[in-house]
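# Structural features, examined
Here is how the chains run, residue by residue.
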Protein chains: 2
Amino acid sequence: MKGNIVVGQSGGPTAVINASVAGVYRRAKRLGVKKVYGMIHGIEGFLQGRLCDLDEYLGEAVRVELLKRTPSAVLGTCRYKLPEAEGHEEIYEKIFAVMEEYGIECLFYAGGNDSMDTVKQLSNYAREHGREQRFIGIPKTVDNDLPITDHCPGYGSAAKYIAATIKEIVRDNESYGLGKPHVNIVETMGRNTGWLAASAALAKGEDCSGVDAIYLPETVFDPEDFMGKIEDLATKKKSIVVTISEGLSMADGRFACELGNAGSGVDAFGHRRLAGAAITLAQMVEDRTGLKTRGIEFSVLQRAASHIVSLTDVTESYQCGVDAVNAAQEGRTGVMVTLVRSGNHPYRCGTSIHDIHAVANEVRFVPKEWIGEDGCSMKEEFIEYARPLIVGELQPIYVDGLPHHLVIRELMEKHA
Amino acid sequence: MKGNIVVGQSGGPTAVINASVAGVYRRAKRLGVKKVYGMIHGIEGFLQGRLCDLDEYLGEAVRVELLKRTPSAVLGTCRYKLPEAEGHEEIYEKIFAVMEEYGIECLFYAGGNDSMDTVKQLSNYAREHGREQRFIGIPKTVDNDLPITDHCPGYGSAAKYIAATIKEIVRDNESYGLGKPHVNIVETMGRNTGWLAASAALAKGEDCSGVDAIYLPETVFDPEDFMGKIEDLATKKKSIVVTISEGLSMADGRFACELGNAGSGVDAFGHRRLAGAAITLAQMVEDRTGLKTRGIEFSVLQRAASHIVSLTDVTESYQCGVDAVNAAQEGRTGVMVTLVRSGNHPYRCGTSIHDIHAVANEVRFVPKEWIGEDGCSMKEEFIEYARPLIVGELQPIYVDGLPHHLVIRELMEKHA
């Protein structure tokens with residue numbers, strides 16, 4: 001490449017999205033790219049001309065290591081969805097103008113479905129208007145719901161956090177073995193797909209009895225079946241731990257969090273209710289059974305826990321950044337890097353490049369055949385798929401007892 | 001010691017309470033004690049004659065290392081409070097009968113205030129009835145609210161988890177720097193004392209702007225002041241993160257979680273409401289300000305997160321077990337091991353032995369002079385106190401991508 005490049009991050013952060021930035025930076029520098037810019041707050045910030053020079057932050061190797069251990073989008077993120085070009089040409093022209101101003105030949109964008117749509121729109125526009133700038137997508141989402149790619153960077157670390165934390169919750173709950181059963185209902189992210197909730201199945205092993213049931217959005221949620229399941233478990237066990245996905249929805253289309261008093265989506269004044277599905281269902285269980293019940297929501301912890309990332313995930317996230325630059329070097333545009341698995345024993349996974357049009361706006365669900373006949377358990381096929389993704393550790397760099405992170409000055413409050 | 005010993009765990013589990021069991025076991029074996037028993041589910045299980053032989057589990061050194069990395073009470077816990085001896089002599093006689101049956105000379109009990117009361121009652125009873133058995137307490141509580149001891153084993157690791165996770169939450173929240181401010185309200189444990197909530201102050205450093213306010217139960221909670229604080233912050237910052245203690249109470253004596261719709265303590269049917277203070281206050285903030293607000297509750301995660309323990313805490317917990325045995329060896333009874341700090345630069349801390357009567361049922365609060373004039377910040381004196389307690393790491397033993405734990409067969413479901 002003769003020109004400069006820019007890399008940006010978009011959508012919900014993950015614990016390893018920064019490793020992709022590290023991969024882009026290191027590979028580009030190796031190839032002799034003069035300037036590698038970071039866009040501050042994604043394409044929305046880029047439209048305002050907000051960029052930083054990554055040499056300033058990543059010039060020393062130890063800072064690249066620190067970046068790999070820094071959670072959330074180090075460059076800032078946005079939830080901006082680029083509108084269709086027709087009728088919004090001025091937005092597109094502004095983006096190309098900023099690229100020209102900074103001599104940017106290729107734009108790399110790490111994100112999920114919406115972000116890949118941005119890459120698609122921009123590469124389409126360039127082609128249709130005879131522009132030479134190139135656009136390449138890097139997959140990133142804890143939700144693991146992008147199509148084509150075997151899995152998404154970010155998912156393995158979120159799954160590792162969930163499974164490790166579930167083990168700790170099960171231990172905590174099992175320590176109370178006398179008296180009535182204790183029920184824990186644990187909620188993961190996943191509005192449309194159950195990849196994160198399913199990862200709770202990884203907790204089971206010779207040292208952990210695992211969770212008693214897992215409810216995914218891929219299966220219609222029946223509150224009465226759910227109550228029956230808990231009541232049945234309570235006749236057999238002292239410790240009950242169930243995992244649910246935030247996006248559970250019922251036959252009538254309502255979300256589970258809209259059930260009952262504590263969680264109706266909107267209150268009498270039309271205010272959005274903040275108690276999620278776990279609290280709502282825990283309330284229902286406690287009211288109906290009288291059992292001590294706790295709702296636990298992993299909230300943003302599951303996507304931000306860089307202190308317990310999967311080394312496999314970090315490495316693949318980094319590699320996706322590297323291979324995005326390699327694709328740009330080969331002149332590609334309008335593509336996304338994908339992960340391609342070739343084996344599990346041992347786990348082997350490489351990358352490929354795929355047309356962005358097949359990726360953008362498509363959602364991949366947990367295959368029905370990986371869900372148990374009871375609708376609330378995961379089959380061995382899922383474990384086989386997910387286990388390798390959580391393997392390996394990358395120890396944080398601790399300072400004064402806490403994991404240390406890299407900070408980009410341009411992102412700090414005063415610049416916002 | 002000529003006889004055998006038994007060690008038990010009681011009250012809410014912590015991430016390092018098992019290190020005390022390891023310390024008791026290793027020191028006793030070194031002193032030639034023949035049998036070291038574990039009581040299953042504390043004194044309540046002991047009354048049912050439920051014991052295990054720790055040789056079976058801890059005979060190999062690597063298993064002691066595994067135990068140090070196992071969260072929650074490995075022997076099981078209970079919430080049983082021993083009644084006064086008068087009128088309940090049969091309970092006391094039963095305990096002494098089990099001790100005699102197993103040739104137990106000394107009973108070690110790791111726990112918080114209630115557990116120390118048990119040690120006090122049993123040692124009093126022995127003295128009053130001319131029994132020779134001895135009883136020694138080992139401090140343990142994430143709440144850090146035992147008197148006399150400088151701090152409690154368990155607190156340092158919970159504080160480390162809280163501060164590390166707060167850093168990740170702040171990073172996640174700050175990554176959204178465009179548009180309206182985002183508010184996160186994070187709830188820690190601590191019904192009566194604010195030691196855990198205060199530990200959020202440790203997150204602040206050169207790589208983290210820290211939390212914007214901390215509310216402790218030591219200060220009367222005024223919802224209007226709280227709202228004013230958030231509204232003021234929202235005029236200055238895009239990312240607002242506030243930490244609250246679960247036990248915040250207002251001038252009228254109600255808990256903060258009893259405010260508003262989502263969190264009234266009891267609903268119209270007299271059911272306990274499960275939404276805690278964070279969800280309740282987040283609801284209030286979102287309703288009043290229209291800002292995107294999230295309530296995050298650390299729940300049992302903060303006391304069970306053995307994957308990110310403080311090495312200082314693990315070491316001290318182990319040492320408390322060792323020195324409890326040393327005290328028994330010297331013939332002591334009716335005492336608790338305490339931690340005595342002699343310096344901060346460098347941190348130096350030893351142990352001592354203290355009469356249990358001064359400990360049992362007393363609560364230690366966060367000193368008023370460590371809380372900022374605004375009532376919602378921590379002064380440097382607190383940081384100076386708490387920082388050394390979170391320093392150092394003990395890497396888990398990972399198997400198949402997850403921290404591995406030690407399991408006691410007698411505790412398993414089928415034996416319950």
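In what follows, the structure referred to is the one given above.
The structure reproduced in this document is the subject of the present report.

Cut-offs applied
Residues numbered from 1 in each chain as written. Chains lettered and ligands numbered in written order. Predicted model: local features only at pLDDT ≥ 70, side-chain atom pairs only at ≥ 80, totals over all residues. Heavy atoms only, no water. Axes fitted to C-alpha atoms, helices over the stretch in contact; angles between N-to-C directions. Helix = DSSP H or I, 4+ residues; strand = E, 2+ residues; numbered from the N terminus. Parallel < 35°, antiparallel > 145°, perpendicular 65-115°, else oblique. Contact = heavy atoms within 4.5 Å. Nonpolar A, V, L, I, M, F, W, Y, C, P; charged D, E, K, R; others polar. Buried < 20%, exposed > 50% of the residue type's maximum accessible area, 1.4 Å probe, protein only. Polar contact = N/O pair within 3.5 Å; in protein donor to acceptor, adjacent residues only side chain to side chain. Pairing = 2+ DSSP bridges. Salt bridge = Lys/Arg side-chain N within 4 Å of Asp/Glu carboxyl O. Least-squares fit on C-alpha atoms with pLDDT ≥ 70 in both. Left-handed = near helix turned anticlockwise from the far one by under 90°. Disulfide = S-S within 2.5 Å. Core = buried A, V, L, I, M, F, W, Y, C linked by side-chain atoms within 4.5 Å.

## A short note on the packing of helix α5 (residues 89-101) of chain B against helix α6 (residues 113-128) of chain B
All names here are of chain B. Between α5 and α6, the least distance of the axes is 11 Å, while the angle of their chain directions is 85°. As the angle between them shows, α5 and α6 are arranged roughly perpendicular. Residues E89, Y92, E93, I95 and F96 of α5 lie in contact with α6, whose contacting residues are Q121, L122, Y125 and A126. Split into classes, the residues belonging to the contact of α5 with α6 amount to six nonpolar, one polar and two charged.

## Here's the deal with the environment of L248(B)
Residues and elements named next belong to chain B. Within the secondary structure, L248 sits in the loop between β8 (239-245) and α10 (277-289). Classification of L248 as buried rests on a relative accessible area of 0%. Along the sequence, L248 and N192 sit 56 residues apart, while their C-alpha atoms lie 8.2 Å from each other. Once residues lying within four places of it in the same chain are set aside, the contact partners of L248 are Y215, L216, P217, F221, R254, F255 and A256.

## Focus on the side chain of E187(B)
Within the secondary structure layout, E187(B) lies in strand β6 (residues 182-188). At 2.7 Å, the side chain of E187(B) forms a polar contact with the backbone nitrogen of A278(B).

## Some words on the sheet that holds strand β11 (residues 347-355) of chain B
Strand pairing in a sheet relies on backbone hydrogen bonds, with the paired strands running either antiparallel or parallel. All names here are of chain B. Ordered in space as β3-β2-β1-β4-β5-β10-β11, the seven strands form an open sheet in which the pairing is mixed. One side of each edge strand has no neighbouring strand; the edge strands of this open sheet are β3 (51-53) and β11. Looking at each pair of strands side by side, their axes are set apart by 30° on average, direction ignored. As paired strands, strand β1 (residues 4-9) and strand β4 (residues 104-111) are joined by six bridges and run parallel to one another. Of the residues in β4, the one forming a bridge with Q9 is A110. In the packing of helix α1 (residues 17-30) onto the sheet, contacts are made with β1, β2 (36-39), β4 and β5 (134-139), and the angle to β1 comes to roughly 175°.

## A look at the side chain of S199(B)
Residue and element names in this part refer to chain B. Within the secondary structure, S199 sits in the loop between α8 (195-198) and β7 (213-215). Among the residues examined, S199 registers a relative accessible area of 0% and is labelled buried. Here the side chain of S199 touches L196 through a polar contact of 2.5 Å, landing on its backbone oxygen. Every residue in contact with S199, bar those within four places of it in the chain, is listed here: Y155, A159, I162, A163 and F382.

## Some words on the pattern of salt bridges
Summed over all chains, the structure comprises 42 salt bridges over all chains. Of the charged contacts, one joins D55(A) and K29(A) as a salt bridge, the two residues approaching to 3.1 Å between their closest N and O atoms. With D55(A) in helix α3 (residues 55-58) and K29(A) in helix α1 (residues 17-30), the pair connects residues that are 26 residues apart, well separated along the chain. Given the relative accessible area of 26%, K29(A) is considered partly exposed. One salt bridge in this structure joins K167(B) and D207(B), with 2.7 Å as the shortest N-O distance. Note that K167(B) is positioned in helix α7 (residues 155-174) and D207(B) in the loop between α8 and β7, a separation of 40 residues in sequence. The pair formed by K167(B) and D207(B) is uniform in burial state, with each residue classed as buried. Residues participating in the shared-partner salt-bridge network are E56(A), R409(A) and E410(A).

## Some details on the sheet that holds β7(B)
Residues and elements named next belong to chain B. On the basis of which strands lie adjacent, the open sheet formed by four strands has the order β7-β8-β6-β9 and parallel pairing. With one partner strand each, in any of the chains shown, β7 and β9 (292-297) form the two edges of the open sheet. Going from strand to strand, the sheet's axes swing by 20° on average, the running direction of each strand aside. Those strands touched by α7 are β6, β8 and β9, and its axis lies near 150° from that of β8.

## Comments concerning the relation of the copies chain B and chain A
Of the transformation placing chain B onto chain A, the axial shift is 0.0 Å and the rotation is 180°, giving an RMSD of 0.0 Å. Taken together, the rotation and translation describe the operation of a two-fold axis. By residue overlap, the copies meet face to face through one surface: 100% of the interface positions of chain B are interface positions in chain A.

## Examining the environment of K94(A)
With respect to the helices and strands, the residue K94(A) is situated in helix α5 (residues 89-101). Separated by 48 residues in the primary sequence, K94(A) and F46(A) have C-alpha atoms spaced 9.2 Å apart.

## What to know about the packing of α1(A) against helix α12 (residues 311-329) of chain A
Residues and elements named next belong to chain A. Two elements in contact, α1 and α12, have axes separated by 7 Å at closest approach and are oriented at 40°. The orientation of α1 relative to α12 falls into the category oblique. In the packing of α1 onto α12, the handedness of the crossing is right-handed. In this structure, α1 uses I17, A19, S20, A22, G23, V24, R26, R27 and A28 to contact α12, whose residues at the interface are V314, S317, Y318, G321, V322, V325 and N326.

## Regarding the state of the cysteines
Residue and element names in this part refer to chain A. As enumerated under the stated definition, the model contains zero disulfides over all chains in all. In this structure C52 is a free cysteine whose sulfur lies 15 Å from that of C78, the closest cysteine sulfur available. You can call C52 buried: its relative accessible area is 2%. The thiol of C257 is not disulfide-bonded; the next cysteine sulfur, from C376, is found 20 Å away. Note on C257: relative accessible area 19%, which makes it buried.

## So, unusual backbone geometry
All names here are of chain A. At the junction of H345 and P346, the peptide bond is cis and its omega measures out at 0° in the coordinates. Relative to the assigned elements, P346 resides in the loop between β10 (335-344) and β11 (347-355). Residues other than glycine seldom take positive phi values, yet N144 does so here, at roughly 60°. Structurally, the position occupied by N144 is in the loop between β5 (134-139) and α7 (155-174). Despite not being glycine, D400 shows a phi value in the positive range, around 55°.

## Looking at the nonpolar core
Core analysis: the largest hydrophobic core is formed by 88 residues, its most contacted members being M378(A), F382(A), M378(B) and F382(B). Breaking this core down by element, the ones donating at least two residues are α7, α8 (195-198) and α13 (380-386) of chain A together with α7, α8 and α13 (380-386) of chain B. Leave out the neighbours within four places in its chain, and F382(A) touches Y155(A), W195(A), A198(A), S199(A) and W370(A).

Structural measurements only, silent on function.
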